[in-house]
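Descriptive structure summary
Next come the chains, spelled out residue by residue.
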Amino acid sequence: MTEQMDIVLMNIGQLLTMDSQGPKKGKAMGELEFIEGAVLGIKDGEIRFVGKQEEKKDLLAAKIIDCERKLVTPGLVDPHTHAVFGGSREHEMALKQQGVPYLDILKQGGGILSTVEATRETSEMELFEKSTFYLDRMLSLGTTTAEIKSGYGLNEDTELKQLRVTKKLQQKHAMDVVSTFLGAHAIPPSHRDKPDEFLQEMVGMFQQVKEEQLADYVDIFTETGVFTVEQSKEYLSKAKEYGFGLKIHADEIDPLGGTEMAAELGAVSADHLVGSTDKGIKKMAQSGTVAVLLPGTTFYLGKHTYARARKMIDEGVIVSLATDFNPGSSPTENLQLIMTIAALQLKMSPEEIWNAVTVNAAHAIGKSEEAGQIMMGRKADVVIWDAPNYKYIPYHYGVNHVNTVIKKGRILYQRGKIYG
Ligand SMILES: O=C(O)CC1=NCN=C1
Ligand SMILES: [Zn+2]
């Protein structure tokens, strides 16, 4: 019986389905489900057939794409970005080259605080247009679902402005967007000597953020010169009472013990984790807190100590990867580059990397049922790559391997032609 599809992808070299019940951890992170010589049927925005070419010859479609034995995967999921911000920080490159530490730039009123100034001065419309451009670029790089944090306002008006821009992106942009309230991103100059009072003001926003459905998660930057573990624990405990999922920028630069605290609170994810201790890693494995690793930030800050991904995977932690896209410590939308750095510096295998940018990344932002996998009935978020197999993407770096991006069954991006 012939079945009429909207789009059929045929002659697929390797189709990565990432088929699994829930996130991958431990040994399972090293396993990858894929079909060689596959065909994929899409109808009404959903996956309607997944199988081997010879199993299904009678698929008819308005559009048939011969994938020429290329790699096909789910759309990538980026679970940690700061993609709504004003201005840029290219002027900080010179300071980085002189070896000025990230936290010193912040202490001198630069870093996050210089982006705060720029964001406060940028209108909601300009922020929306600027972040639309960034999300378009992320789509062209194969990302079809992304998390976006606030945190460049550090006052009620501007934090709400950022969150409303993110909400508008959720409504208007093809990218599926998850929103996180990161009002506790840094201590603004106005509250330099009264961080607790500032945190109280951010707690005072929880009700409105909840009522206006402006964020699913609350996050905090637990770091030397920013917020202590004790302040963070109190802040996140209050966020939990309001029903928010918890995230934390933990042990990025100094090992303060944010990892342990995140696991104890049952945070959905703990992010960065360069300084996580053995104890913290064990606690994350027990609590199911996802380790969102950001090796691009370690690379960009010129650091040589990376998060201990191998230890985390061996201990059974759910590990995912993200760009940490932001104007200061990781100005890149390119999750493919992060895959390469994860291979070279985190020593993650290609199989672990693919699980980390799909099914595990979706789990880190509560999108397990919607993103990161190609399964019957799921949204058709699919990428065709100009690559012969899944190992090729982390191997060949610094370019965009995407041939075609299909989002909810619509072709949104195709590699540009060279008009010779
Ligand atoms: O520097 C930034 O703008 C983003 C960041 N927050 C915490 N670490 C990096
Ligand atoms: Zn971040």
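Residues numbered from 1 in each chain as written. Chains lettered and ligands numbered in written order. Predicted model: local features only at pLDDT ≥ 70, side-chain atom pairs only at ≥ 80, totals over all residues. Heavy atoms only, no water.

1. What to know about the coordination of the zinc ion (ligand 2)
Any two of four tetrahedral donors ideally make an angle of 109.5 degrees at the metal, while pairs among six octahedral donors ideally make 90 or 180 degrees. The zinc ion (ligand 2) binds to the protein through H80 (NE2), H82 (NE2), H249 (NE2) and D324 (OD), with metal-donor distances spanning 2.0 to 2.4 Å. Viewed at the metal, the 4 donor atoms of the zinc ion (ligand 2) are separated by angles of 83 to 169°, and the geometry they form is irregular. Between consecutive donors of the zinc ion (ligand 2), the numbers of intervening residues give the motif H-x1-H-x166-H-x74-D. Of the two residues, H82 sits in the loop between β6 (76-78) and α1 (92-97) while H249 sits in strand β10 (residues 245-250), which places them 167 residues apart along the sequence. (Donors = N, O, S within 2.8 Å, 3.2 Å for Na, K, Ca; no water. Tetrahedral: all angles 85-135°; square planar, octahedral: opposite > 155°, others 65-115°. Helix = DSSP H or I, 4+ residues; strand = E, 2+ residues; numbered from the N terminus.)

2. A look at the nonpolar core
Counting 97 residues, the largest nonpolar core has F181, Y235, L293, L321, M348 and W354 as its most contacted members. Considering every element that reaches this core, the biggest residue donor is helix α4 (residues 124-140), with 6 residues. When near neighbours in sequence (up to four residues on either side) are disregarded, L293 contacts H272, L273, A307, A309, M312, V319, S320, L321, A322 and L346. Counting residues in each nonpolar core, the second largest holds 16 residues, with I7, I12, L40 and I42 among its members. (Core = buried A, V, L, I, M, F, W, Y, C linked by side-chain atoms within 4.5 Å. Buried < 20%, exposed > 50% of the residue type's maximum accessible area, 1.4 Å probe, protein only. Contact = heavy atoms within 4.5 Å.)

3. Brief notes about the layout of surface pockets
A volume near 270 Å³ is recorded for the largest pocket. Lining of the largest pocket is provided by L103, L106, K107, L113, A186, I187, P188, R192, T224, G225 and V226. If you tally residues by element for the lining of the largest pocket, the top one is helix α2 (residues 102-107), at 3 residues. (1 Å grid on protein atoms, 1.4 Å probe; cavity = no way out; pocket = protein on both sides within 12 Å on 5 of 7 lines; lining within 4 Å. Points joined across faces, edges and corners; volume = space filled by probe spheres on them.)

4. Topic: the side chain of K70
The topology assignment puts K70 in the loop between β4 (59-66) and β5 (71-74). We classify K70 as buried; its relative accessible area is 16%. A polar atom in the side chain of K70 sits 2.9 Å from the side chain of D386. With near-sequence residues (within four places) excluded, K70 lies in contact with N11, I12, G13, Q14, I384, W385, D386, A387 and N403. (Polar contact = N/O pair within 3.5 Å; in protein donor to acceptor, adjacent residues only side chain to side chain.)

5. Regarding the environment of V116
With respect to the helices and strands, the residue V116 is situated in helix α3 (residues 112-121). As for V116 and E90, which are separated by 26 residues in sequence, their C-alpha atoms are 15 Å apart. Ignoring anything within four residues of it in the chain, the contact list for V116 reads G151, Y152, G153 and L154.

6. Points about empty space enclosed by the protein
This model, assessed by the stated rule, comprises 3 cavities of 30 Å³ or more. Considering only enclosed or pocket space, the largest cavity measures out at about 90 Å³ in volume. In terms of lining, the largest cavity is formed by 13 residues, of which the most central are H82, Y102, H185, N326 and S329. Here the residues of the lining of the largest cavity are counted per class, giving 4 nonpolar, 6 polar and 3 charged. (Nonpolar A, V, L, I, M, F, W, Y, C, P; charged D, E, K, R; others polar.)

7. Examining the domain arrangement of the protein
Domain boundaries in the protein define domain 1 (3-74 + 373-414) and domain 2 (76-364). Once you take the C-alpha centre of each, domain 1 and domain 2 turn out to be 29 Å apart. Tallying the contact residues gives 35 residues for domain 1 and 32 residues for domain 2. A buried area of about 2700 Å², summed over both sides, lies between domain 1 and domain 2, and 66% of it is on carbon and sulfur atoms. Of all residues in domain 1, P23, M29 and P394 bury the most surface against domain 2, accounting for 24% of the area lost on that side. At the boundary of domain 1 and domain 2, one finds 3 salt bridges. A salt bridge links K379 to D176, with the nearest nitrogen and oxygen atoms 2.6 Å apart. Of all the elements in the fold, those that place two or more residues in the side of domain 1 that touches domain 2 are β5, β14 (382-385), α16 (392-395), β15 (402-407) and β16 (410-414). Of the residues in the side of domain 1 that touches domain 2, the class split is 19 nonpolar, 8 polar and 8 charged. (Domains from an automatic or database assignment. Buried area = accessible area lost by both parts, 1.4 Å probe. Salt bridge = Lys/Arg side-chain N within 4 Å of Asp/Glu carboxyl O.)

8. So, the site of ligand 1
Taken together, R89, Y102, I112, Y152, H185, F221, H249, E252, N326 and S329 make up all the residues around ligand 1. Note that an oxygen atom of ligand 1 is positioned 2.8 Å from one of the side-chain N or O atoms of R89. Between a nitrogen atom of ligand 1 and a side-chain N or O atom of E252, the distance comes to 2.9 Å. When isolated, ligand 1 has an accessible area of 260 Å², and the protein chains bury 100% of it. (Near = heavy atom within 4 Å. Areas by Shrake-Rupley, 256 points an atom, 1.4 Å probe, with all protein chains shown as cover.)

9. What to know about the side chain of E223
Of note, E223 is situated in the loop between β9 (217-222) and α8 (229-241). Buried charge E223 goes without a salt bridge, the closest partner of opposite sign being K303 at 8.6 Å. Excluding anything up to four places from it in sequence, E223 contacts L103, E252, I253, D254 and L256. (Lys, Arg positive; Asp, Glu negative; His and termini not counted.)

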